[in-house]
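Secondary and tertiary structure notes
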Amino acid sequence: MKFTRSAKFALAAAASAALAVSLLTPAQAATRSTVVIHHTNVQTGLNCGLSTTNSTVCTDQAALTGMGFNYYNDKKELIKNTTFGSYKVIKNSKTDFRVQYTVAPGRVWSDGTPITGVDLLLSHILGSDTYSIEAGLGDPASKTTKPAFNGQGYGSTYHKNIVGEPVLSSDEMSVTLRWKSPIANWDLYGPGPAPVHAMVLLAEGKDGLQSASANLAAKDRFLAAYKSKDTALLKKIGKVWSEDYTITTINSSTNPLLLISNGGFIVESAVPKTSMTLVVNPKYNSGPKMTGSIDKIVFKVITDGTAAVQALSNGELDVYSGQATADAVAALKKITSVNITGGEQAVYEHWDLHYDSVEGETPYTGVFSKNGGAKAKALRQAFLLGIPRDEIMEKIIAPINGITKPLCTSWVAPGTSAYDKICAVNGSAFYTRGTQESRNKTALALVQKFYPDALKNPIKINVLVPGGNARRAAQFALAKANLAKVGFELVGDVQSGWGALLGSGKYDAFFFAWVSSSVTQKQSCSVLETTGGSNYVMGYSNSTVDKVCTELDVAMKPDLLVQKYITADRALFADAVTLPVFTHPGVTAINKDLKGLKPAPLSPQLTWNYWEWSY
Amino acid sequence: MVAFILRRLGVLGVILMGSSFILYNLAAISADPLADLRLSTDPDRDAKILALTRELQLDVIPPLRYFLWLRGVLGIFIGQPDFGTGRDGLAVLDSLALAIPVTLRLVAAATLLAAILGIMIGIVTALRQYSRFDYSMTFIAFLLFSLPVFWVAVLLKEYLAISFNDFLREPNIPFNWIIGIGLASGLFWASVIGGSRKTFWTTYVVAFVASSSLVAVLGMTGWLLDPSLGPIVVLVLSIGIAFGVTQISVGLGNRKALGASLTIAGLSVVAFYPANWVFDNYASALNIFLMVCALITTSVFIGLAFSKIDRAPIVRTTIITGVLSANLVLIDKFMQTWKPYMQTDAINYRPVPTVGERNDLLNSPDFWISNLDVITHLFLPTMALTLIGFAGYIRFARGTLLEVLNQDYIRTARAKGLSERTVIMRHAFRNTMIPMATILVADFAGVIGGAFITESVFAWSGMGTLGLQAIRGQDLNLLMGVFFVTATMAVLANFVADLLYSALDPRIRVGSGA
């Protein structure tokens, strides 16, 4: 014990002596050039087109490494990337609609290989079931075997509408697609570039970058294989595409052919479940010029919410994008070094009432059934009137992003002139008029017409409550409390696997959200369309709505589109089957010094404009 | 001995088999890997169910499937172990190979520190039984015992990382802190040393003045931004170490041991500049290992040179002194690295991190900077685990030592007229170590698989994360992989504890008789 004290003295003496020589270094901050982005999910690989790799972190990273003909900005507008190339309609008739995609000359992959129209052809292999079958790559619709390119692109709009195969121009810089008709949002289904020469080289077992001539030769081999439907080579490429790009460990020993890309950044390293590092691509010329000063971007995985918030306040993270809960927002607001952007995600919460039996589900015979006629309709109206939407906004949403007005249509996003135009006349006024008090009165009157003692003997309503979600639990509690005042007793069935139970005859009402990953004309048709809606849960069928949904398959002018939406909404509100509530709030906290990062509602949410970021 | 070891290993194998069989079946029955697919609305749901059934051999009933799994595991003996594939498509063996080093790094230092600190404080509390120090340490031990790790982690991050980093921007230690640290240190040392009222206050004042002035000087000189010890402080501390180690191990009366210790301490300082030259020019783990080897050899020779009879204790003392004082040179080197480390772009004067195993942005080829980065990232998790773990050791060491001190052989030793040092260090302390060794080993094994929460709050992806992933994802192969490692560690730890027990306790003979 003694020596410790003397040691302290000695240390003090030595330190005093050092005082004479040491100079106090002022701590000055260097200019940062790196951005560390937080994600709660682990990286899933380099190819986001597989069912196992499709994740938000993958699309965020893919946006950094790949540039195509267009991208979404933070206002959900589809922006043409004219630096990379252009596309134009070259034939526009009802049965023959052709679009030509041209790559601008001089665009290169990160290994210097020029990008040409040949690089656009892989999109067809990934999207056309017909090509996959004809080339002997397997029938994507088969239930027993996987296709060689085991992606998610098959059986989609592209496959249903494409006519023949894309035509490559003689200079190999343009590709022309022919559609059956002028399909709506055709610009979303166009081709994207893929480094086919790298895939050919990988398929041939090369383990390093090749010379320029070898790269071009590889590209020619792809074109030849594509044209002649060379099953053997294409199958090998398919294996590369489906299996080799799923790596999550990336370091200096990773085959550099796998990392070839044309975005502003290229993947440098990745540690599984921990982080992925991207560095600036010096050969990048496929998109807007880099005006910012960022040369390195790291995606860091932190699953624990509190840990992420503390890491943000310690400067270990520059961007936090975690769960948007009121608690998280409160914690983030205490950090002085970050800006918080609230904003909204393209996720729409809505209440649906069961209308009729859904095919393949147990039959529905509850109180809201259309067989109940006027009585059922009055009850549906009363129920929707009784959902305390203002209170839900005020207590659940406003603390996060300050938005207090519930949605009045789910066709277009609030804040646009189309939205206001639709809401003014679409019949939603019936559910927004007056206060909740007055709406409760109207609702109670409607209920008491058929059930005079409803307040004493409330009508039992079975509701499917999505489990494992605090926000939905709170929403249900608010709805239950208010609906009790108008004669309904909500019986909640909390199910974590709720997705499979949607449409079951057991339930009278559902509430959930649908996610939109792109802006298309059809939007909410998936819940409304009698035929083919993937979220068709209510058994609702209305010829007016079905007609509108069919018409929306074809591209139309904005004014006409608004009219169609109004027509559909009027029918919906008149039948009282569904009511939108809110768009899910998003929360992103960004280092105050980092300029230009604007979170977008559509994926990629964070990285769509990386070329503008700077400190 | 060999027969004993073989017999024990055989029993361990049986235990492992039995427990893994039970766990495999329980897990297979409770978790349905097809659950999420059954609920899926995917058009190719049936095909996926079929594929997964084939891949995971779900058509075989669990008790039989266990033997399929076991066949793969038994491949260990032919050098081709196969733990199957996890649901994430990675071989379980690869996942484990990534996770085990991470967890080892996380828990090794923490367990060791907790044990050393805990045993030290435990012994002092036992020697000062029913003193103020004893009571306050008991209080602190119970306080730490009851703290949940995620909460401790949040506090540590808030104060030792975020606030400390903010403070480093302008490291002026405020006056009330200087006084506060002095008061606390005075109280600590005075309580530890104890004695009469007069000694108490003298110690208090001396410790107060020493600590306060030290903190003040460190603050004024900007030592926190550019710390170092320098050869003079290393020399002074080394001499202190030489005296301290000699006193504890053989007593200062043993002049030969003191001479040997002082010589090696002096040599460490002489080696200061050459060592730094090697550090600067040929830094690598191998070279440091070679230097440690050279150091130990030198120590042995010096010890032998000084002693003629009773050589072993003197050589031991010399080695301990040598290693400890050479450590100072190493610590000094890390201190010198502190400033360049903080100046890197990635660190940017915020050296204490709250999450992760390393800084993803730091791409320094410098051996010292990258190792310092590992150390700073270990700092908070190690501290959290140590704080929570060492409370148990305090109580255990205190209880054991008190029990030993009441034994007849201690009374006999005192009656013989042995010095208090000999009684405590040789007769009491060694016997205390016997039960401590067994819990230390078991503790280490338990911690390998059990740092779930710590890993999650500090965003480390080790065994805990893997186990969680396995349970959440109904990933039987992965779960069994994690279990296998943890269970093997546990039974091996018990085995090692048994061997240690026999090595430490002369009353137990392994392999004799039966």
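Along each chain, the written sequence defines residue order, and numbers are assigned to residues from 1. The lettering of chains begins at A and the numbering of ligands begins at 1, in the order of writing. The predicted nature of this model means local features are confined to residues of pLDDT at least 70 and side-chain atom pairs, given and counted, to a pLDDT of 80 or more, with totals for whole chains, interfaces and linings taken over all residues. With hydrogens and water set aside, each side-chain value is computed from the structure's full complement of heavy atoms.

Describing the overall build of chain B
Strands are runs of DSSP state E lasting at least 2 residues, helices are runs of H or I lasting at least 4, and numbering of each runs from the N terminus. Assigned secondary structure in chain B consists of 20 helices and 0 strands. The C-alpha extent of chain B, read off along each of the three principal axes, is 85 × 65 × 45 Å. By residue count, 44% of the 514 residues in chain B fall in the buried class. Excluding contacts between residues fewer than 6 apart, the proportion of contacts in chain B whose partners are at least 24 apart in sequence is 73%. A total accessible area of about 25,500 Å² is found for chain B, and carbon and sulfur atoms account for 70% of it. Under the counting rule used here, the positive set is Lys and Arg, the negative set is Asp and Glu, and His together with the chain ends is not counted. Just so you know, the charge point we use is NZ for Lys, CZ for Arg, CG for Asp and CD for Glu. Within chain B, one finds 36 positive and 31 negative side-chain charges whose respective centroids are separated by 16 Å. Only protein chains enter the accessibility calculation, which uses a 1.4 Å probe; a residue whose area is less than 20% of its type maximum is buried, one above 50% is exposed, and one in between is partly exposed. By definition in these notes, contact holds between two residues if any of their heavy atoms fall within 4.5 Å. Here the open area of atoms and residues is found with the Shrake-Rupley method and a 1.4 Å probe, where only the protein chains shown may cover a residue.

Concerning the packing of aromatic side chains
Two measures describe an aromatic ring pair: the distance that separates the ring centres and the angle between the ring planes. The rule is short: rings of Phe, Tyr and Trp, with Trp giving its six-membered ring, pair when the centres are within 6.5 Å, and they are stacked under 30 degrees, edge-to-face over 60, tilted in between. By the definition in use, this model includes 47 aromatic pairs over all chains. Pairing Trp 201 of chain B with Tyr 204 of chain B gives two aromatic rings, centres 5.5 Å apart and planes at 55°, and the pair type is tilted. On the criterion of helical spacing, the pair formed by Trp 201 of chain B and Tyr 204 of chain B is a turn pair, its members being 3 residues apart in helix α9 (residues 197-221). Take Tyr 204 of chain B: its relative accessible area is 15%, and that puts it in the buried class. When the ring of Phe 272 of chain B is compared with that of Tyr 273 of chain B, the centres are 5.2 Å apart and the planes differ by 85°; the resulting orientation is edge-to-face. By relative accessible area, which is 4% here, Phe 272 of chain B ends up buried. Stacked on the ring of Tyr 87 of chain A, the Lys or Arg Lys 80 of chain A has its end atom at 4.7 Å from the ring centre. Each ring is checked for a lysine NZ or an arginine CZ that lies within 6 Å of its centre and within 35 degrees of its normal; such an atom marks a charge sitting over the ring. We note Arg 132 of chain B situated over the ring of Phe 200 of chain B; from NZ or CZ to the ring centre the distance is 4.5 Å.

Here's the deal with the pairing of strand β17 (residues 578-585) of chain A
Residue and element names in this part refer to chain A. For β17, a buried count of 8 out of 8 residues is recorded, marking the element as mostly surrounded by other parts of the structure. Here, strands pair whenever DSSP counts at least two bridges between them. Sheet topology places strand β13 (residues 344-353) next to β17; 6 bridges connect them, and they run antiparallel. Residue pairing in the sheet places Glu 349 in a bridge with Phe 582 of β17.

Looking at the sheet that holds strand β7 (residues 174-179) of chain A
Residues and elements named next belong to chain A. One open sheet holds the 4 strands; their spatial order is β4-β5-β7-β6, and the pairing between them is antiparallel. Each edge of the open sheet carries a strand with a single partner, namely β4 (85-92) and β6 (167-168). In terms of strand pairing, β6 meets β7 through 2 bridges, oriented antiparallel. By the bridge assignment for β7, Leu 168 is matched with Val 175.

Let's talk about the pattern of salt bridges
Residues and elements named next belong to chain A. Salt bridges, as used here, are contacts in which a Lys or Arg side-chain nitrogen is within 4 Å of a carboxyl oxygen on Asp or Glu. In total, this model carries 26 salt bridges over all chains according to the counting rule given. With its nearest N and O atoms 2.9 Å apart, the salt bridge here joins Arg 472 to Glu 349. Here the residue Arg 472 occupies a position in helix α16 (residues 470-483), and Glu 349 occupies one in strand β13, the gap between them amounting to 123 residues. In this structure Glu 349 comes out as buried when scored by relative accessible area, which is 1%.

A few points about the domain arrangement of chain A
Residues and elements named next belong to chain A. The domain boundaries here were taken from an automatic or database domain assignment. Considered domain by domain, chain A is made up of domain 1 (8-66 + 261-343 + 587-615), domain 2 (67-240) and domain 3 (345-585). Here domain 1 and domain 2 have C-alpha centroids that lie 32 Å from each other. Two parts lose some accessible area (1.4 Å probe) when they are put together, and adding that loss for both gives the buried area. Together, the buried faces of domain 1 and domain 2 total about 1,800 Å²; carbon and sulfur atoms form 58% of this surface. Summed over the shared surface of domain 1 and domain 2, the number is 0 salt bridges. Any N or O atom pair separated by 3.5 Å or less is treated as a polar contact, with the protein-specific requirement of one donor-capable and one acceptor-capable atom, and with residues adjacent in sequence counted only for side-chain atom pairs. On inspection of domain 1 and its partner domain 2, the count reaches 6 residue pairs in polar contact (both at pLDDT 80 or more).

As for the nonpolar core
Residues and elements named next belong to chain A. Residues enter a nonpolar core if they are buried and are Ala, Val, Leu, Ile, Met, Phe, Trp, Tyr or Cys, with the set joined through side-chain atoms within 4.5 Å. Ranked by size, the top nonpolar core spans 80 residues in total, and within it Leu 122, Phe 149 and Phe 222 carry the most contacts. At 7 residues, the largest contribution of residues to this core is made by helix α6 (residues 196-203). Looking at this core, you find at least three residues from each of domain 1 (8-66 + 261-343 + 587-615) and domain 2 (67-240).

Some thoughts on the packing of helix α1 (residues 2-30) of chain B against helix α20 (residues 476-504) of chain B
Angle between the axes and distance between the axes: these two values describe a pair of packed helices. Residue and element names in this part refer to chain B. With their axes 10 Å apart at the nearest point, α1 and α20 run at an angle of 150° to one another. When the axis of α1 is compared with that of α20, the two are roughly antiparallel. Here the hand of the crossing between α1 and α20 comes out right-handed. In this classification, Asp, Glu, Lys and Arg are treated as charged, Ala, Val, Leu, Ile, Met, Phe, Trp, Tyr, Cys and Pro as nonpolar, and every other residue, Gly included, as polar. Here the residues of the contact of α1 with α20 are counted per class, giving 19 nonpolar, 3 polar and 2 charged. To define axes, lines are fitted to C-alpha atoms, for helices over the stretch in contact only, and angles between the resulting N-to-C directions are given on a 0 to 180 degree scale. Angle categories: roughly parallel below 35 degrees, roughly antiparallel above 145, roughly perpendicular from 65 to 115, and oblique for all the rest. Note on convention: the crossing is left-handed when the near helix lies turned anticlockwise from the far helix by less than a right angle, right-handed when the turn is clockwise.

Brief notes about the state of the cysteines
Residue and element names in this part refer to chain A. Any pair of cysteine sulfurs within 2.5 Å is marked as a disulfide. The full count for this structure, using the stated rule, is 2 disulfides over all chains. Shown here is the disulfide that connects Cys 48 with Cys 58, its sulfur atoms set 2.1 Å apart. In this structure, the disulfide formed by Cys 48 and Cys 58 twists by about -95° around the S-S bond and is classed as left-handed. Of this pair, Cys 48 sits in the loop between β1 (34-39) and α2 (56-65) while Cys 58 sits in helix α2, placing them 10 residues apart in sequence. Each member of the pair Cys 48 and Cys 58 is classed as buried. Sulfur-sulfur distance for the disulfide between Cys 408 and Cys 423 comes to 1.6 Å. Across the S-S bond linking Cys 408 and Cys 423, the dihedral sits near 80°, which makes this disulfide right-handed.

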